[in-house]
Amino acid sequence: MSDLVNGIIVGAIVAELLKAILEGKESAMNFRDCFHRLQQTVETLQVAVEEVKRLDEELRDSKLDDKATVQRRENMTELVDCLEHGKHLINKCSKLPNWKIWKRHMYAKKLMKLDAQLLRFASMTMQAEIWVDTKQMMADAKRLYKEFSSLSMKSTSRSGKFTYSNSMPQLPSKIVGLSVSVEELKRKLLFDNVSVIGVCAPGGCGKTTLAAKLCRDDKVQAVFGDIVFVTVSETPNLLEICQRLWAKLVNASCMPHFINEDDAIDQLTDSISKRKQKPALVVLDDVWSESVLQRLLFRKTGLKTLVTSRINFKGLDVVYPLQMLGQENARDLFCQSAFAPDQALDKLDHELLEQMEQIVKGCKGLPLALKVIGGSLRQEPVRKWRKTAQMLLQGNQVFEMHGDLLRCLSSSLNSLSKTLTECFMDLGTFPEDEKIPAASLIDMWVEIHGLTEDDAYVALLELASRNLITLVERTRSEAGDVDGSFSDLFVFQHDLLRELAIYTSRVNNGGQSTRLILSEEDLPKISQQQKEQASVAKIVSFNTGQMGPGNWFDIPFPHAEVLILNFSADSYFLPPFLEKMENLKVLICANHGACPAELHGLSALGSLKNLHRIRLEKISIPPLSTFTQAMQTVQKLVMVLCEVSQVIHWDIHSIFPMLTELELDYCHGVETLPPGLCSLTNLQKLSITNCPDLVELPEGIGGLGRLEVLRLHSCSSLEGLPDSSCELGSLRFLDLSHCSSIESLPDNIGQLQHLKRIDMRWCLGLRELNGLRAVECDEDTAYLWRPFEHVLSKVTFHIPKEDVNLKFLPTTLIRMGKLEVLRLRACTAMGSLPKSISELKKLKFLNLSECSNLSSLPETMGGLQGLETIDVRGCSARLPVTVKHLKGLIHVICDEETQKMWKPFLVHFKQPIGKRRGWPHISQSLLRETTDSNQII
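This structure is a prediction, so every number in the text was calculated from the model and none was measured.

(A) Highlighting the overall build of the protein. Helices and strands together make up the secondary structure of the protein, namely 23 helices and 30 strands. Counting only residues that meet the buried cut, the protein has 52% of its 937 residues in that class. Counting contacts in the protein only where the partners sit at least 6 residues apart, residues at least 24 apart contribute 61% of the total. Looking at the protein as shown, the accessible area adds up to about 42300 Å², and 50% of this sits on carbon and sulfur atoms.

What follows is the structure, given as structure tokens:
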């Protein structure tokens, strides 16, 4: 019997037996004395069993098993049988009528025999202590074995290592009330003879969190070689889901072309049926439809499916009903949101504590309600707590019906201002289970609510502080800085809170919302109610697939100010009614497909006289020569993950003559910018970021007399700035961070008298700047500025503290063929590096210091033939044997712990030590004297 059985099954059965004893004491008065003795014995045994369960977690894959271990496991099997028999016996005693005296005597003897058997096993705690001590010694031996194996590098394969899917939800730092559920669900998953297991409960109960925690369990990862986590949602994109399942379960390097959904399902079913790899687990999260579920179930030996849903589907082999939190766990979760971490509850006002208990009781154990309502009451007066408690306790069954649940959650909106409530309701117009670019929301709120960008950002922070949304910054934490960019800031919202936003919008407008949300099923004919709503809607949102001219209807939206087009397609036609939307101010086109989509009908935008902002995501931009009319009112143009054809031929100043902001992020094909850009006399912000193909800026860029912000972050091929850039008299912020090909700046850069801030991390060279007030750099480039300190007497030098919460590397990383420097310092949330990192052939410096959650380096690390320096301080990632192929490696920067891991490989590095060419100097305090062929620093 496995260690898992030892821990989980025995612990569960002991708990069940103790529960049966306690219940039997109340109903079977004739056996009360027997039950009391048996209770004492079982409680003694339970303490030892819990400790063994903990140690079994550490011994699950132990290589130290011997005959004694086998014997102990046989003893455990006997104990399980004895406990099961005891539970059955107690149930019989509880149901025995008083008049059956002879049976009462017989069962009393059996109870005494059961007590003696359990005592004999535990030997009145002494045997249990010996058992625990033995397990403890085995656990210690296993830990020593692992350390020895790591030092001797006997482990040479990562084939069974689990890699988190990009869509795996992140877990909170502290999870309340799910430990028992994880163990119970894991027992069903690993032992029950089932193929499809469902976790079913109302929205907001923690189904997704439970599934994500289960996927991170060590035993689950050891059993299943592949784990793929897919969010299905109420409006699923089956083609995209099939692509992700194919990549994980079949062959990521050979993705077939799926004609339609049926073809995708057929090909996937056929390929999975032939699959011979290790067992796999597929998690289908947030499933709403039985028909969708049936299409995504692939019943095959070695493949199990875990489904989370609000519905108990018939196709589930086993249903695990996730229960609401108990009062104690509910109180703990509520306190996490309502109070500061160091708040002592015994020092709180007595009245407030009473109201807290009433609120926790009124939330009926629903985790989402506890978190959201608790956050809304943080630092609020007792009077508000009392009002919230009264509202929650008015209904007897507030969480049993979906509408009642929404009304309960709406209590967290009561304290929001009118503008903040409107902002929250706007969130419902974006697709569920999708990250929302914060920049899209800010653009909307600036135009329709009259906020400044700073006010809109503060509104996001306020909603996040009340746990109504979650803010995640992808890489750089600069959104809150002056002139900071919002391009890396995203908003996540629970689907139940999205429904709350939609519900509140409808209720606040007498049943007719000013926000109209339509899906592909509503087209081309919409209901009469939707037509009436179209006449008053200010925000119109479409969620569709591929759309042609014949798929649209032609209904006017006379008051619409924002149009959101979310789709997944490779070709998309803008709706014909677009040119009639006279009040349109913001247009957002976001493609969620795998490749950039061809967008047709952009020329119709020229007829819109109030259009101010356009955002295009994952679009293949046609040449601007196809535009027949100038967009005289457009002030901001944003393109993200777009393919831009013939950008050099853009007549941009004729099409967008009033443009004040231009942003290109992660766009391909941008080698240079059109000369016409320099004629945009109103341009104030120019942001060309993460564009690895950009080589140069136009010579006439100095003609942008009103340009205040110039961002060129991570344009790794950019070789320098033109001399005319010194004529940007209004420039106050210049971002050249991670432009690794720039070696120097123009000699006359000191003419930028209004420049207040320059970010030049991983850029070299700077001259006199009289107006400069702050310089941001890193530890390795700070020394380059010291010779100029006497000239720049008014300048503040700032080395930002690393505070990175990077969870994954962007997919565009491997396209940066010229990337020489990759700094991932303090990325504590990152669990692995992609295998494709070996494609960075010119990488010379890799910083992994303080990446404490990085468990191992990929096997492909040996492919980094140009790597000269690696920093692994505070990073104990396991090393693959392929690191011995890093023939160009000169320096390993490490601490005492990581030095032990790297030293055995020094014999493989034959290249003599030389001075690092062109790399930042490292403080002598970090150097260690060594006579080996390479240096460990």
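(B) Quick look at the nonpolar core. Phe542, Phe557, Met639 and Leu662 are the most contacted members of the largest nonpolar core, which totals 81 residues. At three residues, the largest contribution of residues to this core is made by strand S11 (residues 562-567). Of all hydrophobic cores here, the second largest spans 46 residues; its members include Val199, Cys205, Leu333 and Leu352.

(C) Summary view of the sheet that holds strand S16 (residues 619-621). Strand order in the open sheet made by the four strands is S12-S14-S16-S18, with parallel pairing throughout. The outermost strands of the open sheet, each flanked by one partner alone, are strand S12 (571-573) and strand S18 (643-644). Judged from the three bridges that link them, S12 and strand S14 (residues 597-600) form a sheet pairing that is parallel. Directly across from Ser571, in S14, lies its bridge partner Glu598.

(D) Summary view of the packing of aromatic side chains. Counted according to the given criterion, the structure contains 10 aromatic pairs. Between the aromatic rings of Phe339 and Trp385, the centroid separation amounts to 5.7 Å while the plane-to-plane angle is 25°, which identifies the pairing as stacked. A residue pair is termed long-range when its members are at least 10 positions apart, and Phe339 in the loop between helix H12 (327-338) and helix H13 (350-362) and Trp385 in helix H15 (residues 382-393) qualify at 46 residues. By the burial criterion, Phe339 is buried, and Trp385 matches it. Aromatic rings pair up to connect Phe542, Trp552, Phe557, Phe567, Tyr572 and Phe577 into one cluster. Over the face of the ring belonging to Phe490 we find Lys435, whose NZ or CZ atom lies 4.6 Å from the ring centre.

(E) Layout of unusual backbone geometry. One non-glycine residue with positive phi stands out, namely Lys618, at about 55°. Following the sequence through the fold, Lys618 ends up in the loop between strand S15 (613-617) and S16. Phi is positive for Tyr666, which is not a glycine, with a value near 55°. When you line up the elements, Tyr666 lands in the loop between strand S19 (661-665) and strand S20 (685-689). Judged by relative accessible area, Tyr666 falls into the buried class, the value being 7%.

(F) Here's a closer look at the pattern of salt bridges. Summed over all chains, the structure comprises 19 salt bridges. Across the salt bridge formed by Asp317 and Arg299, the nearest N and O atoms sit 3.0 Å from each other. In this pair, Asp317 is assigned in the loop between strand S4 (303-309) and strand S5 (318-321) and Arg299 in the loop between helix H11 (290-295) and S4, connecting sequence segments 18 residues apart. Taking the relative accessible area as the measure of exposure, Arg299 reaches 49% and is therefore partly exposed. Across the pair Arg515 and Asp426 runs a salt bridge whose closest N-O atoms are separated by 2.7 Å. Taken together, the residues Arg515 in strand S9 (residues 515-519) and Asp426 in helix H17 (residues 418-426) connect sequence positions 89 residues apart. Each member of the pair, Arg515 as well as Asp426, carries the same accessibility label: buried. Look at the salt bridges and you will find they share partners, linking Asp443, Glu447, Arg613, Lys636 and Glu661 into a network.

(G) Structural view of the packing of helix H18 (residues 438-448) against helix H19 (residues 453-465). At a closest axis distance of 9 Å, the pairing of H18 and H19 adopts a crossing angle of 120°. One way to sum up the angle between H18 and H19 is to call them oblique. Taken as a pair, H18 and H19 cross one another with a handedness that is right-handed. Between H18 and H19, the contacting residues are Ala438, Leu441, Ile442, Trp445 and Val446 on the first element and Glu453, Ala456, Tyr457, Ala459, Leu460 and Leu463 on the second.

(H) Main features of the sheet that holds strand S2 (residues 226-233). Spatial ordering of the open sheet is given by S2-S3-S4-S1-S5, a layout of five strands whose pairing is parallel. In this open sheet, the two strands that pair with only one neighbour each are S2 and S5. With direction set aside, neighbouring strand axes in the sheet form an average angle of 20°. Judged from the seven bridges that link them, S2 and strand S3 (residues 280-287) form a sheet pairing that is parallel. Considered in S3, the bridge of Val230 is made with Leu284.

(I) The arrangement of the pairing of S3 in detail. Counting buried positions along S3 gives eight out of eight residues, so the element sits mostly inside the fold. Judged from the six bridges that link them, S3 and S4 form a sheet pairing that is parallel. By the bridge assignment for S4, Val287 is matched with Ser309.

(J) Inspection of the packing of H12 against H13 at higher detail. Between H12 and H13, the least distance of the axes is 10 Å, while the angle of their chain directions is 110°. On the basis of the axis angle, H12 is roughly perpendicular to H13. Remark: the crossing between H12 and H13 carries right-handed chirality. Taken together, the residues of H13 that come into contact with H12 (itself represented by Gln327, Ala330, Arg331, Phe334 and Cys335) are Met356, Glu357, Ile359, Val360 and Lys361.

(K) Region of the structure containing a negative patch on the surface. Taken together, Glu696, Glu699, Glu719, Asp723, Glu727 and Asp747 make up a surface patch of like negative charges. Inspection of the secondary structure assignment puts Glu727 in the loop between strand S21 (709-711) and strand S22 (733-735).

(L) Representation of the confidence of the model for the protein within the structure. The pLDDT averaged across the protein works out to 76; a share of 73% of its residues lies at or above 70. This stretch, residues 145-166, has a pLDDT under 50; its non-local contacts, to residues over four places away or in other chains, come to 33 contacts. For residues 765-770, every residue scores under 50 in pLDDT, and the model assigns this stretch 20 contacts once sequence neighbours within four places are set aside.

(M) Here's a closer look at the side chain of Arg613. With respect to the element layout, Arg613 can be found in strand S15. What makes Arg613 buried here is its relative accessible area of 9%. Only 2.7 Å separates the side chain of Arg613 from the side chain of Asp443, close enough to count as a polar contact. In this structure Arg613 touches Asp443, Val446, Glu447, Glu453, Lys585, Val586, Leu587 and Lys636, once residues within four positions along its chain are discounted.

Rules used throughout
- Residues numbered from 1 in each chain as written.
- Predicted model: local features only at pLDDT ≥ 70, side-chain atom pairs only at ≥ 80, totals over all residues.
- Heavy atoms only, no water.
- Helix = DSSP H or I, 4+ residues; strand = E, 2+ residues; numbered from the N terminus.
- Buried < 20%, exposed > 50% of the residue type's maximum accessible area, 1.4 Å probe, protein only.
- Contact = heavy atoms within 4.5 Å.
- Areas by Shrake-Rupley, 256 points an atom, 1.4 Å probe, with all protein chains shown as cover.
- Core = buried A, V, L, I, M, F, W, Y, C linked by side-chain atoms within 4.5 Å.
- Pairing = 2+ DSSP bridges.
- Phe/Tyr/Trp six-rings, centres within 6.5 Å; stacked < 30°, edge-to-face > 60°.
- Lys NZ or Arg CZ within 6 Å of the ring centre and 35° of its normal.
- Salt bridge = Lys/Arg side-chain N within 4 Å of Asp/Glu carboxyl O.
- Axes fitted to C-alpha atoms, helices over the stretch in contact; angles between N-to-C directions.
- Parallel < 35°, antiparallel > 145°, perpendicular 65-115°, else oblique.
- Left-handed = near helix turned anticlockwise from the far one by under 90°.
- Patch = residues over 30% accessible without salt bridge, like charges linked within 9 Å, V, L, I, M, F, W, Y side chains within 5 Å.
- Lys, Arg positive; Asp, Glu negative; His and termini not counted.
- Charge placed at Lys NZ, Arg CZ, Asp CG, Glu CD.
- pLDDT = per-residue confidence, 0-100.
- Polar contact = N/O pair within 3.5 Å; in protein donor to acceptor, adjacent residues only side chain to side chain.

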